[in-house]
Amino acid sequence: MTAIPRYQDLTAAASRPDFYRFHNGEKAPLQFAEAEYAARVAGLREIMAAQGVDAAVFSSMHNVSYYSGFTYCAFGRPYALVVTQTACVTISAGIDAGQPWRRCYGDNITYTDWQRDNYWRAIESVSGSGRVIGYESDHLSLMQKAKLDAFLNPSKSVDLYEATMRQRMHKSAAEIEMIRAGAAVADVGGYAIRDAIKEGVREIDVAMAGRDAMELEIAKRFPDAEYRDTWVWFQSGINTDGAHNPVTGRVLQRGDILSLNTFPMISGYYTALERTLFVGEVDDASLRYWEANVGAHELGISLLKPGASCAEITHQINDFFAERDMLQHRTFGYGHSFGVLSHYYGREAGLELREDIDTVLEPGMVISMEPMLTIADGQPGAGGYREHDILVITEDGNENITGYPYGPAFNVVG
């Protein structure tokens, strides 16, 4: 019986290999220059050397995207990036053919699905066996960790989750420009939504207007990019009580509270704009909560500066709400980091404005300020009040890169 080769070029394959290189076409322009990815991988290799790691095996969409520029679409299939001191290789499924090669920094290996676990065989071809392996505890499932142990037989396993998260928390100049562009696109969506708001229209109609405007703007600004899941959450009435409530077909009525949430996605980088609005008029009870939330938002922005800790900032905003007997209406933390992030992947959890996060802000970090109050249905002022800006921490304070106005003066519309 002829043995099936562990590796061979697809063009020469007379039988089914476990994995192969399908470098189809030329490398496409990535969102960042090659030097940007080289710097990120160099930083990772410093982390690996300091912790004695021979090979880092990343399976999360955020780390694969951050270090290689390739943002995968899993559809139930595993993907990876393997980094050693000499190699940087994405591992992708055959269904994607040559696209991962064209859209990644470094090398790419395609694994086949004719037998189970060719994915791990492809990884082992780069990482080697019996070495010190780095992994991500926040993403690798128990089942896949068991397979890592079985196929790679590590002499030691090292969790790189926190170290890589902290690397991602500090943005390069190129990343900040990307996030700045994303914030500008989010503003475009916000204005389109504002123009679409009127009595009698559905949430979904307003959401589509914002999404379409953002996608057109992204295509204009980034003609060489891959276009992914830009979306809008636009809520009205009781649907505003949660920050991430899906869009529905509810029809807008005069006096409704509204929540505008635009989310452009550019090459794995998500940004956001979130605003409270009202249809036509706002009652006194609602105005009281809205103005208080705007006050907390402005206070929070003033506190975002180098040397301040996430916990300290959170406690000061808590005090602001407590003085107004509104702290009980707060539902989550006041902000989070931005970068390689989405609603289905990524989270730099070490940079969130919560009581249990002691991270100290430093220049080059990017963080949102987004206080929210939720008043239960049937109570005066019922609904969810939320404002959201994105801020870059500078040497002596912050730069607010969100442009769409907040507050009652601009956002009682329709």
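Residues numbered from 1 in each chain as written. Predicted model: local features only at pLDDT ≥ 70, side-chain atom pairs only at ≥ 80, totals over all residues. Heavy atoms only, no water.

Visitor: What is the right way to read the overall build of the protein chain from this model?
Guide: Of regular secondary structure, the protein chain possesses 11 helices and 18 strands. Scaling as 2.2 N^0.38, a compact globule of 414 residues should have a C-alpha radius of gyration of about 22 Å, and the protein chain matches this with 24 Å. Every one of the 414 residues in the protein chain was classed for burial, and the buried ones make up 55%. By sequence separation, contacts in the protein chain at least 24 residues apart represent 66% of the contacts at least 6 residues apart. Per element, the accessible surface of the protein chain, about 16700 Å² overall, is 51% carbon and sulfur. In the protein chain, 36 positive and 55 negative side-chain charges are present, and the distance between their average locations comes to 6 Å. (Helix = DSSP H or I, 4+ residues; strand = E, 2+ residues; numbered from the N terminus. Rg over C-alpha atoms; globule rule 2.2 N^0.38 Å. Buried < 20%, exposed > 50% of the residue type's maximum accessible area, 1.4 Å probe, protein only. Contact = heavy atoms within 4.5 Å. Areas by Shrake-Rupley, 256 points an atom, 1.4 Å probe, with all protein chains shown as cover. Lys, Arg positive; Asp, Glu negative; His and termini not counted. Charge placed at Lys NZ, Arg CZ, Asp CG, Glu CD.)

Visitor: Please explain the packing of aromatic side chains as it appears in this structure.
Guide: Evaluated as defined, the whole model comprises 24 aromatic pairs. For the ring pair Tyr191 and Tyr404, a centre distance of 4.9 Å and an interplane angle of 50° mean the geometry is tilted. Here Tyr191, found in helix H7 (residues 173-196), pairs with Tyr404, found in the loop between strand S17 (398-400) and helix H11 (408-411); they are 213 residues apart in sequence, far enough to count as distant. Accessibility expressed as a relative area gives 1% for Tyr404, which makes it buried. Through a chain of ring-to-ring contacts, the aromatic side chains of Trp231, Trp233, Phe263, Tyr270 and Phe338 assemble into a single cluster. Stacked on the ring of Tyr289, the Lys or Arg Arg288 has its end atom at 5.5 Å from the ring centre. The residue whose ring lies beneath Arg330 is Tyr334, and the NZ or CZ to ring-centre distance is 4.4 Å. (Phe/Tyr/Trp six-rings, centres within 6.5 Å; stacked < 30°, edge-to-face > 60°. Lys NZ or Arg CZ within 6 Å of the ring centre and 35° of its normal.)

Visitor: Quick question: what am I supposed to make of the pairing of strand S14 (residues 372-375) here?
Guide: Put simply, side chains in a regular strand alternate between the two faces of the sheet. By the alternation rule, side chains of S14 split into Met372 and Thr374 and Leu373 and Ile375, which are all buried. When S14 meets strand S15 (residues 383-386), the two strands line up antiparallel, connected through four bridges. Following the sheet pairing, Thr374 is matched in S15 by Gly384. (Pairing = 2+ DSSP bridges.)

Visitor: Whenever I open this one, the side chain of Thr110 confuses me. Can you help?
Guide: Relative to the helices and strands, Thr110 is located in strand S5 (residues 107-111). Given a relative accessible area of 0%, Thr110 falls into the buried group. Excluding anything up to four places from it in sequence, Thr110 contacts Phe19, Tyr20, Phe22, Ser92, Ala93, Gly94 and Ala97.

Visitor: Where do I start with helix H4 (residues 118-127) in this structure?
Guide: A large share of H4 lies buried, amounting to eight of its 10 residues. Within H4, burial applies to Asn118, Tyr119, Trp120, Arg121, Ala122, Ile123, Val126 and Ser127.

Visitor: When you look at unusual backbone geometry in this model, what are you seeing that I'm missing?
Guide: Both trends apply: most residues other than glycine have a negative phi, and most peptide bonds are in trans. One non-glycine residue, Ala97, adopts positive backbone phi at about 50°. You can see Ala97 is positioned in the loop between strand S4 (88-93) and helix H3 (99-102). Even without being glycine, Asp117 reaches a positive phi, approximately 75°. Residue Asp117 is classed as buried on the basis of its relative accessible area of 18%.

Visitor: Even after reading the chapter, I still don't get the nonpolar core, so can you show me in this structure?
Guide: Generally speaking, soluble globular proteins have nonpolar side chains that are buried together. Judged by nonpolar contacts, the single largest core of 86 residues is most densely connected at Ile91, Ile123, Ile197, Phe234, Leu252 and Tyr270. Among the elements that make up this core, the one with the highest residue count is H7 (eight residues). Those residues in contact with Tyr270 that sit more than four places away from it in its chain are Trp231, Phe263, Pro264, Met265, His336, Phe338, Gly339, Leu341 and Ser342. In this structure, Ile313, Leu353, Leu391 and Ile393 belong to the second largest nonpolar core, which totals 32 residues. (Core = buried A, V, L, I, M, F, W, Y, C linked by side-chain atoms within 4.5 Å.)

Visitor: Help me understand the environment of Ala219 in this model?
Guide: As for its position among the elements, Ala219 is in helix H8 (residues 203-221). Overall, Ala219 belongs to the partly exposed group, its relative accessible area being 32%. Each C-alpha atom of the pair Ala219 and Ile266 lies 9.6 Å from the other, and the pair is 47 residues apart in sequence.

Visitor: What's the story with the sheet that holds strand S18 (residues 412-413) in this structure? I'm lost.
Guide: The strands that make up a sheet are held in pairs by hydrogen bonds between backbone atoms, and each pair lies either parallel or antiparallel. Overall, mixed pairing links the four strands, which are arranged S8-S9-S12-S18 in an open sheet. With one partner strand each, in any of the chains shown, strand S8 (231-236) and S18 form the two edges of the open sheet. Bridge count for strand S9 (residues 257-263) against strand S12 (residues 273-279) is six bridges, and the pairing is antiparallel. Counted as the bridge partner of Thr262 is Leu273 from S12. Contacts from H7 reach S8, S9, S12 and S18 within the one sheet, and its direction differs from that of S9 by about 145°. (Axes fitted to C-alpha atoms, helices over the stretch in contact; angles between N-to-C directions.)

Visitor: Even after reading the chapter, I still don't get the pattern of salt bridges, so can you show me in this structure?
Guide: For side chains of opposite charge, pairing can occur when their charged atoms come near one another. If you walk through the whole model with that rule in mind, you get 28 salt bridges. Across the pair Asp54 and Arg131 runs a salt bridge, and its minimum N-O distance is 4.0 Å. Here the residue Asp54 occupies a position in the loop between helix H1 (34-51) and strand S2 (55-58), and Arg131 occupies one in the loop between H4 and strand S6 (132-135), the gap between them amounting to 77 residues. You can call Asp54 partly exposed: its relative accessible area is 26%. Here Glu399 and Arg180 are joined by a salt bridge, their closest N and O atoms 2.5 Å apart. In this pair, Glu399 is assigned in strand S17 and Arg180 in helix H7, connecting sequence segments 219 residues apart. The exposure class assigned to Arg180 is partly exposed, which follows from its relative accessible area of 26%. One network of salt bridges, in which partners are shared, links Arg347, Glu352, Arg354 and Asp356. (Salt bridge = Lys/Arg side-chain N within 4 Å of Asp/Glu carboxyl O.)

None of this, on its own, says anything about what the molecule does.
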